[in-house]
Amino acid sequence: MSKFLVTITPPTPNGDLHLGHLAGPFLAGDVCARVLRQLGHETLLVSYSDDYQSYLLRRSRESGRWHVDIAVANSAAIQRSMRSVDIAVSNFLQAYGNPYFLEEVNRYFDMIEDRALVERRAASIPFCKDCAVFGYEGFGRARCNYCGASSDASQCEACAGAPEVARMGPMQCNLCKGTMTPVPVERLVWKLGLSFARLKKLYAAVSTRAHLSSYLERILAQDGAEWPLTRPGEPSIPLARHPDQPVHTWFAGLAGYRATVREFLAKESRLESIQDWWNPSVTIVHFLGYDCSYSHAVAYRALLDIEGAAPRLVVPVTNRFLKLDGKDFSTSRNHAIWIKDISSAYPVDAIRFYVALKAPENEVDDFNRADFARWVESSYLPRFLRDPKWAGAGLRANPPAGEALARLQGPIADWRRSAQPQSFSMAGMARALEALLVEIEHTDGGANAHLWSLYGLLGQALHPGLSSRIAAAVHGRRPEAAEWSNAVMAGEAADVHSV
Ligand SMILES: [Zn+2]
Ligand SMILES: [Zn+2]
């Protein structure tokens, strides 16, 4: 048994969760944590509210409400939405003013400063005089100096680069739409490029999705890279050593995850210390959108390496983005399916299964509302709800043998590969379940208790509610099927241990 920390990128609490979040890191993180526990590993699933995000300050200016009030209200809504689709985080930390959070951010900052990795640099940052805001992130937009896409000056959604603000050209103020004027400031930067040779070695032993591998190859070649960490003139996370230099939220993620674990251990009165969950034998699996690659796959990996007494194996699992009816999800234009709406209109397990099948793991994908409604009506409900075998007798106990047993090996192997952190794929797990359903429907008129029992076990992480209903229906009448499927899983589980 090993220990795993599974993380979900902290959502910006300027709105509730929508289906794009679910298809990205949220459902995948939950499924991964559940499957690791099913395989016998001690696992925590953590996330927190990104209360220091620059976009919250903008929302505050637009709405006239204090940004922390906005954050607290949306953070509560986000947690309700997670529960409504059975996303079971171990702890979700409210970051604003949280003592664990502030202590950890300062600890990591001091750690790199004490190793002479931080420098003070003169910089020129666009500023809007009329609105009195700087164009660090939430308040300004210009062209990304790497790919040319419209971007803020912090993280480019198109190429996942951290643009260099001095090379981005004219910046437009998001509040008044006027052009910002560069003003001189001093910022603290992290000479992050000095870690790139080490990171190349570390990533040689980790398998990542193709888009992240090529991203890392491109980024880690720039070993002179410096990452600006502070935003003088914008309220952000306070540094005890540098009161005039608040650090931005992108630096704070690893600190945030560690703080969330510490708060969890304290809340639950656990006897373990943070060292029990933060040492080289613990594996971290980060779930993140591709646009968070620079922070998670580069900066946090470097922090853990510098820290030393920290998790040694880190697996970043990145996703591309889901579109809705052909267009980008947008909170501001209300082009979204809100989790709270879809979870009250459809079975939770149907949402989880379908979203897993459509997860944009390697390519941008599209969610079409009409297709989903048709799939629920024509596939999910008849199979799992309306079939008479779930209400009465008729399940046949007939352990698959010979050729029938051999045919199961493909889906089981696919499921097993998809369940491993280094090749994790909830879409792969969902497709393996679909392949198993084909077998089930061709055997004993779709009423083989052993096959349904196996299906329930393999589907447990993906659709926990449906799996427990299947288990109750099948094992209540055919307890021998449970023994058989557990034995099949136990045989397989031995191999899944080696991550
Ligand atoms: Zn770009
Ligand atoms: Zn302005």
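Residues numbered from 1 in each chain as written. Chains lettered and ligands numbered in written order. Predicted model: local features only at pLDDT ≥ 70, side-chain atom pairs only at ≥ 80, totals over all residues.

### Section: the overall build of the protein chain
As a reminder, the rule being used: Only DSSP runs of H or I reaching four residues or more are called helices, and only runs of E reaching two or more are called strands; each is numbered from the N terminus. Put simply, the radius of gyration uses C-alpha atoms, and a globule should come to 2.2 Å times the residue count raised to 0.38. Any residue surrounded by 20 or more other C-beta atoms within 10 Å of its C-beta is treated as buried, while 12 or fewer makes it exposed and the intermediate range makes it partly exposed; C-beta atoms here are placed from the backbone. Distance between backbone-placed C-beta atoms decides contact: two residues are in contact if it is within 7 Å.
Regarding its fold elements, the protein chain presents 17 helices and 17 strands. In terms of overall dimensions, the protein chain is globule-like: its C-alpha atoms have a radius of gyration of 24 Å, near the 23 Å expected for 499 residues. Within the protein chain, the fraction of its 499 residues that count as buried is 46%. Taking the intrachain contacts of the protein chain between residues at least 6 apart in sequence as the baseline, contacts between residues at least 24 apart amount to 74%.

### Remarks on the sheet that holds strand β5 (residues 133–134)
Worth spelling out the cut-off: We call two strands paired when DSSP finds no fewer than two bridges between them.
Taken in spatial order, the four strands of this open sheet run β5-β4-β9-β10, and their pairing is antiparallel. Looking at the sheet topology across the chains shown, the edges are occupied by β5 and β10 (227–228).

### Looking at the domain arrangement of the protein chain
The test is simple: Here the bounds of each domain stem from an automatic or database domain assignment.
Looking at the assigned domains, one finds that the protein chain contains domain 1 (1–117 + 197–204 + 243–367) and domain 2 (387–496). Taking only C-alpha atoms, the centre of domain 1 and the centre of domain 2 are 31 Å apart. Taken together, the contacts link 22 residues of domain 1 with 18 residues of domain 2. Looking at the side of domain 1 that touches domain 2, the elements that each hand over two or more residues are α1 (19–38), β13 (283–289), β14 (313–319) and α11 (348–357).

### Observations concerning the sheet that holds β13
Defined as follows: What counts as an axis is a line fitted to C-alpha atoms, over the stretch in contact for a helix, and the angles between N-to-C directions run from 0 to 180 degrees.
Read across the sheet, five strands follow the order β3-β2-β1-β13-β14 without closing on themselves; strand pairing throughout is parallel. Single-partner strands in this sheet number two, and they are β3 (91–94) and β14. Here the strands of the sheet are splayed against their neighbours by 20° on average, with no regard to which way each runs. Here five bridges tie strand β1 (residues 3–8) to β13, and the two strands are oriented parallel to one another.

### Let's talk about the nonpolar core
Rule in force here: To define a nonpolar core, we join buried Ala, Val, Leu, Ile, Met, Phe, Trp, Tyr and Cys residues through C-beta atoms within 7 Å and take the resulting set.
Ranked by size, the top nonpolar core spans 139 residues in total, and within it Leu5, Leu27, Val31, Ala356, Met426 and Met429 carry the most contacts. If one sorts the elements of this core by residue count, α1 sits on top with 11 residues. A domain split of this core shows at least three residues from each of domain 1 (1–117 + 197–204 + 243–367) and domain 2 (387–496). Excluding residues within four positions of it along the chain, Leu5 makes contact with Leu44, Val46, Tyr257, Val261, Trp277, Val282, Ile284 and Pro311.

### A word on the packing of helix α4 (residues 99–114) against helix α7 (residues 253–267)
Quick reminder of the rule: Angles below 35 degrees are treated as roughly parallel, those above 145 as roughly antiparallel, those between 65 and 115 as roughly perpendicular, and all remaining angles as oblique. If you view the pair so one helix is near and one far, a crossing is left-handed when the near helix is turned anticlockwise from the far one by less than a right angle, and right-handed when it is turned clockwise. Amino acid classes used here: Ala, Val, Leu, Ile, Met, Phe, Trp, Tyr, Cys and Pro are nonpolar; Asp, Glu, Lys and Arg are charged; the rest, including Gly, are polar.
Two numbers describe how α4 lies on α7: the axes approach to 8 Å, and their chain directions differ by 135°. Between α4 and α7, the angle falls in the class oblique. As α4 runs across α7, the sense of the crossing is right-handed. Only Leu254, Ala255, Gly256, Arg258, Ala259, Arg262 and Glu263 of α7 make contact with α4, whose side of the interface consists of Tyr100, Phe101, Glu104, Val105 and Tyr108. Here the residues of the contact of α4 with α7 are counted per class, giving seven nonpolar, one polar and four charged.

### Examining the pairing of strand β4 (residues 118–128)
Alignment of β4 against strand β9 (residues 181–190), held across 10 bridges, turns out to be antiparallel. If you follow Val118 over to β9, its bridge partner there is Trp190. Judged from the two bridges that link them, β4 and β5 form a sheet pairing that is antiparallel. Note that in β5 the partner of Phe127 across the bridge is Phe134. Hairpin connection of β4 to β5: four residues between the antiparallel strands, including Ala132 at a positive phi of 55°.

### Describing the environment of Thr331
For Thr331, the position within the fold is in the loop between β16 (327–328) and α10 (339–345). Placed 119 residues apart in sequence, Thr331 and His450 show a C-alpha to C-alpha distance of 45 Å.

### A word on the pairing of strand β2 (residues 42–49)
Short version of the rule: By definition, the crossover connecting two strands over a helix is right-handed if that path, from the first strand to the second, turns clockwise as seen with the strands pointing away from the viewer.
Extensive coverage of β2 is indicated by the burial of seven of its eight residues. Bridge count between β1 and β2: five bridges; the pairing is parallel. Within β2, the residue paired with Val6 across the bridge is Leu45. Running through α1, the crossover from β1 to the neighbouring parallel element β2 is right-handed. Note that β2 and β3 share four bridges and pair parallel. Residue pairing in the sheet places Val46 in a bridge with Asn91 of β3.

### Topic: helix α3 (residues 67–84)
Basically, it comes down to this: What a helix is expected to span follows from its residue count: subtract one and scale by 1.5 Å. As used here, the arc is the angular range of directions from the helix axis to the C-beta atoms.
End to end, α3 covers 26 Å across 18 residues, agreeing with the expected 26 Å (1.5 Å per residue, within 8%). Within α3 the residues assigned to the buried category are His67, Ala71, Asn74, Ser75, Ile78, Ser81 and Met82. In an axial view of α3, the angular spread of the buried residues amounts to 125°, which keeps them on one side of the axis. Following α3 by one or two positions, Asp86 has its phi on the positive side, about 60°.

### Focus on the confidence of the model for the protein chain
Condition: Predictor confidence is given residue by residue as pLDDT, running from a minimum of 0 to a maximum of 100.
Summing up the model confidence of the protein chain, the mean pLDDT is 94 and the portion of residues at 70 or higher is 98%. Low pLDDT, under 50, characterises residues 493–499; the predicted model gives this stretch 11 contacts beyond four residues in sequence or across chains.

### Concerning unusual backbone geometry
Phi at Ala116 takes a positive value of approximately 60°, unusual for a residue other than glycine. Mapped onto the secondary structure, Ala116 falls in the loop between α4 and β4. A residue is classified by how many C-beta atoms lie within 10 Å of it, and Ala116, with 9 of them, is exposed. The phi angle at Ser269 is positive, at roughly 50°, despite the residue not being glycine. Within the secondary structure, Ser269 sits in the loop between α7 and α8 (274–277). Classification of Ser269 by C-beta neighbours within 10 Å gives exposed; the count is 6.

### Re the packing of α1 against α11
Where α1 contacts α11, the two axes come as close as 10 Å, and the packing angle between them is 100°. Relative to α11, α1 is oriented roughly perpendicular. Facing Leu19, Leu22, Ala23, Leu27 and Val31 of α1, the residues of α11 in contact are Arg352, Val355 and Ala356. When its residues are assigned to classes, the contact of α1 with α11 shows seven nonpolar, no polar and one charged.

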